[in-house]
Number of protein chains: 4
Amino acid sequence: MIDLLSDTVTLPTQEMRQAMFVAEVGDAGYDEDPTLNRLEALAAEMLGKEDAAFLSSGCQGNLAALLAHCPRGHEVIVGDRSDLYDFEAGSVSVVGGLVLHPVPTEADGRLSLDNLRSAIRDKSDYQCAPPGVIVLENPHCQRGGRVLPASYIKEVRELADEHGLPLHLDGARIFNAAIASTKPPAEIAEAFDSIMFSLSKGLAAPFGSMVCGPRPFIDRVKRYRKLLGGGLRQAGFMASAGIVALETMVDRLVEDHRRAKLLAEEIGDIPGIRLESPVIDTNMVFFRLERDGLSVPNFLVALSQRDVRMGTLREGVVRAVLHYLISDDDVDATANAIRSVLQAEPR
Amino acid sequence: MIDLLSDTVTLPTQEMRQAMFVAEVGDAGYDEDPTLNRLEALAAEMLGKEDAAFLSSGCQGNLAALLAHCPRGHEVIVGDRSDLYDFEAGSVSVVGGLVLHPVPTEADGRLSLDNLRSAIRDKSDYQCAPPGVIVLENPHCQRGGRVLPASYIKEVRELADEHGLPLHLDGARIFNAAIASTKPPAEIAEAFDSIMFSLSKGLAAPFGSMVCGPRPFIDRVKRYRKLLGGGLRQAGFMASAGIVALETMVDRLVEDHRRAKLLAEEIGDIPGIRLESPVIDTNMVFFRLERDGLSVPNFLVALSQRDVRMGTLREGVVRAVLHYLISDDDVDATANAIRSVLQAEPR
Amino acid sequence: MIDLLSDTVTLPTQEMRQAMFVAEVGDAGYDEDPTLNRLEALAAEMLGKEDAAFLSSGCQGNLAALLAHCPRGHEVIVGDRSDLYDFEAGSVSVVGGLVLHPVPTEADGRLSLDNLRSAIRDKSDYQCAPPGVIVLENPHCQRGGRVLPASYIKEVRELADEHGLPLHLDGARIFNAAIASTKPPAEIAEAFDSIMFSLSKGLAAPFGSMVCGPRPFIDRVKRYRKLLGGGLRQAGFMASAGIVALETMVDRLVEDHRRAKLLAEEIGDIPGIRLESPVIDTNMVFFRLERDGLSVPNFLVALSQRDVRMGTLREGVVRAVLHYLISDDDVDATANAIRSVLQAEPR
Amino acid sequence: MIDLLSDTVTLPTQEMRQAMFVAEVGDAGYDEDPTLNRLEALAAEMLGKEDAAFLSSGCQGNLAALLAHCPRGHEVIVGDRSDLYDFEAGSVSVVGGLVLHPVPTEADGRLSLDNLRSAIRDKSDYQCAPPGVIVLENPHCQRGGRVLPASYIKEVRELADEHGLPLHLDGARIFNAAIASTKPPAEIAEAFDSIMFSLSKGLAAPFGSMVCGPRPFIDRVKRYRKLLGGGLRQAGFMASAGIVALETMVDRLVEDHRRAKLLAEEIGDIPGIRLESPVIDTNMVFFRLERDGLSVPNFLVALSQRDVRMGTLREGVVRAVLHYLISDDDVDATANAIRSVLQAEPR
Ligand SMILES: [Ca+2]
Ligand SMILES: [Ca+2]
Ligand SMILES: [Ca+2]
Ligand SMILES: [Ca+2]
Ligand SMILES: [Ca+2]
Ligand SMILES: [Ca+2]
């Protein structure tokens, strides 16, 4: 099976298994797990922030970060096609009494300055939930893995500053953004008060995410980690895999990006396939079917019969995600399988 | 001062003061206030529902109703230009751990069926907050007091039924909608599981709202009323005014509608004034200024210097609300004041 | 009916009805109700605090005050026999994500310093909800209306200061405490950061409570008032009655206290009646039945057949509450009715 | 270092590391982790319940279980010396709007039937938060690891049934209770609607807990798991260790119990040491110091200088916890260290 469903399906590398096997661990409940502490220091350093915390998932990372930023009753300004808004069960409202305020997501993943500006409610008006934080997503998953321009981020930072608002980055795949723009991740992170990134997607650690930011903020994140039940006892096993992920899996993301472009090129010419965007910034390819009578679900079934798995995030759009388990040959085989499906299906 | 800021500025009538003066009251904490019980029975009957509860405000009415409909973590699907979304401080998220899910509001106050359909998340997907309730607003305040067509409400009801969702009406001004469509309010309310309407807007009671619906639902509303601190001891004073409001102030709303049309006609031709909509369904007139250099704040100040007060709900739009304290002469005087402002202001 | 169920059953005086009849009111949603503003200024002045806010009930007053004191996840340290813990539906947990931490209530309404001290959790330990506020109740309702000694309050204030915690007073009946100790209420309030008192109990206003404290705190209280739906439009009607309550009903509470002592004396010698406490500080008398086979429910029914109503707050204890509608003759008649019940009931 | 601080300090066994090294894993976000599924099936079977869910910690297990049992605003009736009340940051109030209702914990860990009964508030009274669930802890950590009698559990079950309440067991160390009473854990679990037990304490898995119960309940638990960010991607690593824990580490707990008794015997006679309880049911020994001038903190420091670590859960009481890393010789050495401290310290 060539599995392009998501980069979350990545399995840990042999080196990670080895690292877990010999990991030095302790009781993190008493702050005595040396490997956890090493991972948190490494992540903070790589992102150029004062401190970092290991959380169990991207959801938990974003949740703890937003709780740490916003008092009860404040608004989380976020894109309406963001993973945070769509796939995290509204947890900031449930857990923290925060109000989600979605703004339209542009085709390239930006939230327009105008839309952001009108989403910032008047904090002196008691009829309104006051603004609490602005959240960007980079790269933007539902917009095809597009990377936000540095100049745009700078403008949003200025807007946030005007209103005294913190700026959080859902940077689940921030290393993909960094590799794509040939910048160190710390340079992207600089404009943000806090960043969440995932260890278990392209980086292939078993699970977990890191939240990076100033020390007092990270202290609050760790308090919420405990409250959410995310304080892991002998956390060093996961941390050891995370360290391997950060040390060995970042630079090779460039391969995933190259293969995503390759796949886009190979399938872009197939009659009946229309790419959502000609621009492929990172490791994802989104496309639509333009064949009457061929639905996405039927297409996905036919594809899986040819040993290729893809998925769909929203109606009518197919997504293929590249990752370290996919080779150049797999890309060719995938293109062939798509051709085969389109030839086999009645026109 | 001709006060067109809102119909919330209405003062109680002399008959209401008289009713309060002689009101028979008791301790509602022990369910012993006869006048409160009379008001709740009257409201239920008028809206064609099994039972009703008196709440302190429209905010509290909507809040208690939505808490009574939705368990923790469910979504409230609501218009992005609704008063509930914009002016109730996100209270359903803060108090009840509910997730606000705004959908685009059409120019006439409808939420399109397509947009509603895509806002209903897959309840079997643990990544998503499951849908909890759909909320419509009728008449629609921020869309100029427009009244929703019965056929449209019927379609939304069918969509809600398909998904097993309750349908709530923010009917703060439902009697305006009823008068405008020459239907009894119960006929509008019929398609909804629950309705909130206000006593203190066009109906001029000092404050308070009613929530109407099935008895077990109203019992839950009353439990939340107590939890929110909205259980009023000798509530009969307010209830007595509410009874007068329902008995004497409904039919006369037709006058406010007539005067709103009159005002729209009179000012629609003034150069520099553009009506937001040529259609005036109820008691509001929204317009924009088309004079370079004349901002809405400056316009409102100049108007107030001519003893007329209006307000603005969103950038660039002026709102005038008609109510029982405004006469035909006031409408003329208002149009004259606007003319005077536009003549005086530098072109 | 001689109604001793509670002082919440008090009906507004004729002077209050008159004040409501002529009340000058405005739209408090735009901060334009002059009578509301007068009441808030008067309450602040009487309690010696910078500002005050009118809330719909004692529940809402305590709720808004505690939300304004405590961020999400903090503990409310409160007596386990307090009205706040027992009769306010746990609203601070539901609405605000606060944790109720009850401590044992002594027979005289105090919370012992030792018990308070051990209830203050280590705020550096992420396993624990950090302390947020200490709440006292004075007079203490479930402890027979007992008044807290000034020296005790001073000690609690010092403990709170040691830990940097705010101190809130549930002073629903604070004027009873003031009258009982012949001190101005501001002298009692001085040790507290905030005080809630009720207008509708002994003071006989229709409903409502006041929260008093520093201005920035009261601003937060008012924000929560709006969020809870407790922002009342033409609030001046209730405010006008509240002003009469504060101006005319405070000094006469001394009569209620005298009659409570009188009632205690008259019934203390009746065989089969045992007073809970020989000390009557304010307007309540608690007693137990010592007659085999005579249950409290049966006693209350027999009493009501003799036109006297009392109630019970917890198993085995009867409560009688004195208020302005009860005369000296009513006290005699009550004692006679109790004697009659005890004679009639089979021994 | 002989580490008796807690059984959470246990390190995974070599067999667990081996199992993790070769674990078959998949993306649990798509329910494709075979090892996770095996662990959940095994736990359900061992506890005699229909289904089970793996959570990241005991805190998260209890939290998800109580959220799954109780709608918003209900009370969690729980011991005032329970770990859930003292060491889980009040998370059920913060996350779920539930109200914690602590009742006194008896010396042997029971909550008396009388106290439970009076903690069940009248659910028809809107002034009260309605009861939602009763929670027991077995063995009882803060009461020295005492095991609840089966007859007592049966009585609580009957009380719960009378009131239609679910009964949850915080059985973090339920296998210790099972071993101590020579019963299968399913026999203890039978009386409960749901059980949480820990994999990372005596059983020595790296981290995690299991919640067992009926399938629809476990489905709700899994939904909350996702919401809390506890959905772990390639969860099979931890699950593989958990399976080894359940298969290899349960029966040997009898050794920890034998050594706890041994330690109690050895130190019970040391002058200056007083055991909290002569009864040692499981793997813990609690004792007090009866030497003037020797404080617990000083004692713990002196002990650590002799390479023995213990801890304290509440003022004046020392706790030693036995686990698989502690041998008979360690017990002797520990007793000697204590003797040495008491001899060295000034009398
Ligand atoms: Ca992965
Ligand atoms: Ca009004
Ligand atoms: Ca025009
Ligand atoms: Ca009263
Ligand atoms: Ca006696
Ligand atoms: Ca362990």
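Basis of the calculations
- Residues numbered from 1 in each chain as written.
- Chains lettered and ligands numbered in written order.
- Predicted model: local features only at pLDDT ≥ 70, side-chain atom pairs only at ≥ 80, totals over all residues.
- Heavy atoms only, no water.
- Helix = DSSP H or I, 4+ residues; strand = E, 2+ residues; numbered from the N terminus.
- Rg over C-alpha atoms; globule rule 2.2 N^0.38 Å.
- Buried < 20%, exposed > 50% of the residue type's maximum accessible area, 1.4 Å probe, protein only.
- Contact = heavy atoms within 4.5 Å.
- Areas by Shrake-Rupley, 256 points an atom, 1.4 Å probe, with all protein chains shown as cover.
- Lys, Arg positive; Asp, Glu negative; His and termini not counted.
- Charge placed at Lys NZ, Arg CZ, Asp CG, Glu CD.
- Buried area = accessible area lost by both parts, 1.4 Å probe.
- Salt bridge = Lys/Arg side-chain N within 4 Å of Asp/Glu carboxyl O.
- Axes fitted to C-alpha atoms, helices over the stretch in contact; angles between N-to-C directions.
- Parallel < 35°, antiparallel > 145°, perpendicular 65-115°, else oblique.
- Nonpolar A, V, L, I, M, F, W, Y, C, P; charged D, E, K, R; others polar.
- UniProt positions renumbered as here; feature names shortened; annotations may be inferred.
- Pairing = 2+ DSSP bridges.
- Phe/Tyr/Trp six-rings, centres within 6.5 Å; stacked < 30°, edge-to-face > 60°.
- Lys NZ or Arg CZ within 6 Å of the ring centre and 35° of its normal.
- Donors = N, O, S within 2.8 Å, 3.2 Å for Na, K, Ca; no water.
- Right-handed = clockwise from strand over helix to strand, strands pointing away.
- Polar contact = N/O pair within 3.5 Å; in protein donor to acceptor, adjacent residues only side chain to side chain.
- Domains from an automatic or database assignment.

1. Description of the overall build of chain A
Move 1: When helices and strands are counted, chain A shows 14 helices and twelve strands.
Move 2: Relative to the compact-globule value of 20 Å for 347 residues, chain A shows a C-alpha radius of gyration of 21 Å, a close match.
Move 3: Counting only C-alpha atoms, chain A reaches 60 × 55 × 35 Å along its principal axes.
Move 4: Buried positions account for 67% of the 347 residues belonging to chain A.
Move 5: Pairs at least 24 apart in sequence give 75% of the contacts found in chain A among residues at least 6 apart.
Move 6: As displayed, chain A offers around 11,700 Å² of accessible surface, 48% of which is attributable to carbon and sulfur atoms.
Move 7: Averaging the positions of the 36 positive and the 50 negative side-chain charges in chain A gives two centres separated by 3 Å.

2. Brief notes about the pairing of strand β7 (residues 194-198) of chain D
Consecutive residues of a regular strand have side chains that alternate between opposite faces of the sheet.
Move 1: Along β7(D), five of the five residues are buried, which leaves the element largely enclosed by surrounding structure.
Move 2: Side chains Ser194(D), Met196(D) and Ser198(D) project from β7(D) onto one buried face, and the interleaved Ile195(D) and Phe197(D) project onto a second face that is buried too.

3. Quick look at the interface of chain A and chain D
Move 1: Every contact between the two is made by 45 residues of chain A and, on the other side, 45 residues of chain D.
Move 2: When chain A packs against chain D, the two sides together hide about 3,600 Å² of surface, and 59% of this comes from carbon and sulfur.
Move 3: Together, Arg17(A), Phe21(A) and Leu227(A) form the three largest contributors to the area buried by chain A at its contact with chain D, with a combined 18%.
Move 4: At the junction of chain A and chain D, the tally comes to two salt bridges.
Move 5: We note a salt bridge from Arg309(A) to Glu32(D), for which the minimum N-O separation is 2.6 Å.

4. Some words on the packing of helix α1 (residues 14-21) of chain B against helix α1 (residues 14-21) of chain C
Helix-helix packing: each pair is described by the crossing angle between the helix axes and the interaxial distance.
Move 1: Here α1(B) crosses α1(C) at 175°, and the two axes come no closer than 9 Å. Compared by their axis directions, α1(B) and α1(C) come out roughly antiparallel. Taken together, the residues of α1(C) that come into contact with α1(B) (itself represented by Gln14(B), Arg17(B), Gln18(B), Met20(B) and Phe21(B)) are Gln14(C), Arg17(C), Gln18(C), Met20(C) and Phe21(C).
Move 2: Partitioned by chemical class, the residues of the contact of α1(B) with α1(C) number four nonpolar, four polar and two charged.

5. A word on the UniProt feature "domain: Aromatic amino acid beta-eliminating lyase/threonine aldolase" (unreviewed entry) in chain A
Move 1: When the UniProt feature table is mapped onto this chain numbering, "domain: Aromatic amino acid beta-eliminating lyase/threonine aldolase" (unreviewed entry) sits at residues 3-288 of chain A.
Move 2: As annotated, residues 3-288 of chain A has a helix share of 42% and a strand share of 16%, and its two end C-alpha atoms lie 19 Å apart.

6. Focus: the sheet that holds strand β10 (residues 284-289) of chain A
Residues and elements named next belong to chain A.
Move 1: The three strands are arranged β9-β10-β12 in an open sheet whose pairing can be described as antiparallel. Each edge of the open sheet carries a strand with a single partner, namely β9 (273-275) and β12 (317-321). The sheet shows a mean angle of 35° between the axes of neighbouring strands, taken without regard to direction.
Move 2: Of the pairings in the sheet, the one linking β10 to β12 comprises five bridges and is antiparallel in character. Bridge pairing in β12 links Phe-286 to Arg-319.
Move 3: Here helix α12 (residues 253-268) sits on the sheet in contact with β9, β10 and β12, set at roughly 20° to β10.

7. Details of the packing of aromatic side chains
Move 1: Taken as a whole and assessed by the stated rule, the structure comprises twelve aromatic pairs over all chains.
Move 2: For the ring pair Phe21(B) and Phe21(C), a centre distance of 5.2 Å and an interplane angle of 45° mean the geometry is tilted. Here Phe21(B) is found in helix α1, whereas its partner Phe21(C) is found in helix α1 on a different chain.
Move 3: Aromatic pair Phe175(D) and Phe197(D): ring centres 5.1 Å apart, planes at 85°, arrangement edge-to-face. Pair noted here: Phe175(D) is in helix α8 (residues 174-180) and Phe197(D) is in strand β7, with a separation of 22 residues, a long-range link. One exposure class covers both Phe175(D) and Phe197(D), and it is buried.
Move 4: In this arrangement the basic side chain of Arg121(A) is found over the ring face of Tyr85(B), its NZ or CZ atom lying 5.0 Å from the centre.
Move 5: When the ring centre of Tyr152(B) is taken as reference, the NZ or CZ atom of Arg110(B) above it lies at 5.5 Å.

8. Concerning the coordination of the calcium ion (ligand 6)
Reference values for coordination geometry: four tetrahedral donors around a metal ideally subtend 109.5 degrees, six octahedral donors ideally subtend 90 or 180 degrees.
Move 1: For the calcium ion (ligand 6), every protein donor is listed as Gln234(A) (OE1), Thr8(D) (O), Thr10(D) (O), Thr10(D) (OG1) and Ser200(D) (O), and the spread of their distances is 2.5 to 2.9 Å. Separated into two different chains, Gln234(A) in the loop between α10 (215-227) and α11 (236-248) and Thr10(D) in the loop between β1 (2-3) and α1 (14-21) make up a pair that spans both. Each of the two residues, Gln234(A) as well as Thr10(D), counts as buried.

9. Quick look at the pairing of strand β5 (residues 131-137) of chain B
All names here are of chain B.
Move 1: Counted residue by residue, β5 has seven buried out of seven residues, so it is predominantly covered.
Move 2: Bridge count between strand β3 (residues 75-79) and β5: three bridges; the pairing is parallel. Bridge pairing links Ile-77 to Ile-134 in β5.
Move 3: A crossover links β5 with its parallel partner strand β6 (residues 167-170), the connecting element being helix α7 (residues 150-162), and its sense is right-handed.

10. Examining the UniProt feature "modified residue: N6-(pyridoxal phosphate)lysine" (unreviewed entry) in chain A
Residue and element names in this part refer to chain A.
Move 1: UniProt marks Lys-201 with the feature "modified residue: N6-(pyridoxal phosphate)lysine" (unreviewed entry), using the numbering shown here.
Move 2: Tracing the backbone through its elements, the reader meets Lys-201 in the loop between β7 (194-198) and β8 (209-213).
Move 3: Apart from residues no more than four positions distant in its own chain, Lys-201 is found in contact with Asp-7, Thr-8, Thr-10, Ala-172 and Arg-173.

11. Focus: the sheet that holds strand β12 (residues 317-321) of chain D
All names here are of chain D.
Move 1: If you walk across this open sheet you meet the three strands as β9-β10-β12, and the pairing is antiparallel. Each end of this open sheet is capped by a strand with a single partner; those strands are β9 (273-275) and β12. Strand-to-strand, the axes of this sheet are offset by a mean angle of 35°, without reference to chain direction.
Move 2: Where β9 meets strand β10 (residues 284-289), three bridges bridge the pair, whose relative direction is antiparallel.

12. Regarding the interface of chain B and chain C
Move 1: Taken together, the contact pairs 45 residues of chain B with 45 residues of chain C.
Move 2: Between chain B and chain C the total buried area reaches about 3,600 Å² when both faces are included, carbon and sulfur atoms providing 59% of it.
Move 3: When the buried surface of chain B facing chain C is broken down by residue, Arg17(B), Phe21(B) and Leu227(B) rank first, second and third, together holding 18% of it.
Move 4: There are two salt bridges connecting chain B and chain C.
Move 5: Counting every contact that joins chain B to chain C gives 20 residue pairs in polar contact (both at pLDDT 80 or more).
Move 6: Among the elements of the structure, α1, α3 (58-69), α5 (91-96), α10 (215-227) and α11 (236-248) of chain B are those that each provide at least two residues to the side of chain B that touches chain C.

13. Points about the coordination of the calcium ion (ligand 3)
Move 1: Bound to the calcium ion (ligand 3) on the protein side are Gly268(B) (O) and Ile273(B) (O), at distances that span 2.5 to 2.6 Å.
Move 2: By relative accessible area, which is 29% here, Gly268(B) ends up partly exposed.

14. Comments concerning the domain arrangement of chain A
All names here are of chain A.
Move 1: Here chain A is partitioned into domain 1 (14-248) and domain 2 (253-344).
Move 2: Each of domain 1 and domain 2 has a C-alpha centre, and the two are 29 Å apart.
Move 3: With 19 residues of domain 1 at the interface, the matching set in domain 2 holds 14 residues.
Move 4: Buried surface at the junction of domain 1 and domain 2, summed over both partners, amounts to about 1,400 Å²; 60% is from carbon and sulfur atoms.
Move 5: The interface formed by domain 1 and domain 2 includes one salt bridge.
Move 6: As a salt-bridge pair, Arg-146 and Asp-281 come within 2.9 Å of each other at their nearest N and O atoms.
Move 7: If you look at where domain 1 meets domain 2, you find five residue pairs in polar contact (both at pLDDT 80 or more).
Move 8: Looking at the side of domain 1 that touches domain 2 element by element, the count peaks at five residues for helix α8 (residues 174-180).
Move 9: Considered class by class, the residues forming the side of domain 1 that touches domain 2 number ten nonpolar, five polar and four charged.

15. Some points on the environment of Leu116(C)
All names here are of chain C.
Move 1: Relative to the helices and strands, Leu-116 is located in helix α6 (residues 113-119).
Move 2: What makes Leu-116 buried here is its relative accessible area of 0%.
Move 3: Between the alpha carbons of Leu-116 and Pro-102 there is a distance of 9.4 Å; along the sequence they are 14 residues apart.
Move 4: For Leu-116, the contacting residues outside a window of four places in its chain are Ile-77, Val-103, Leu-111, Ile-134, Tyr-152, Val-156 and Leu-159.

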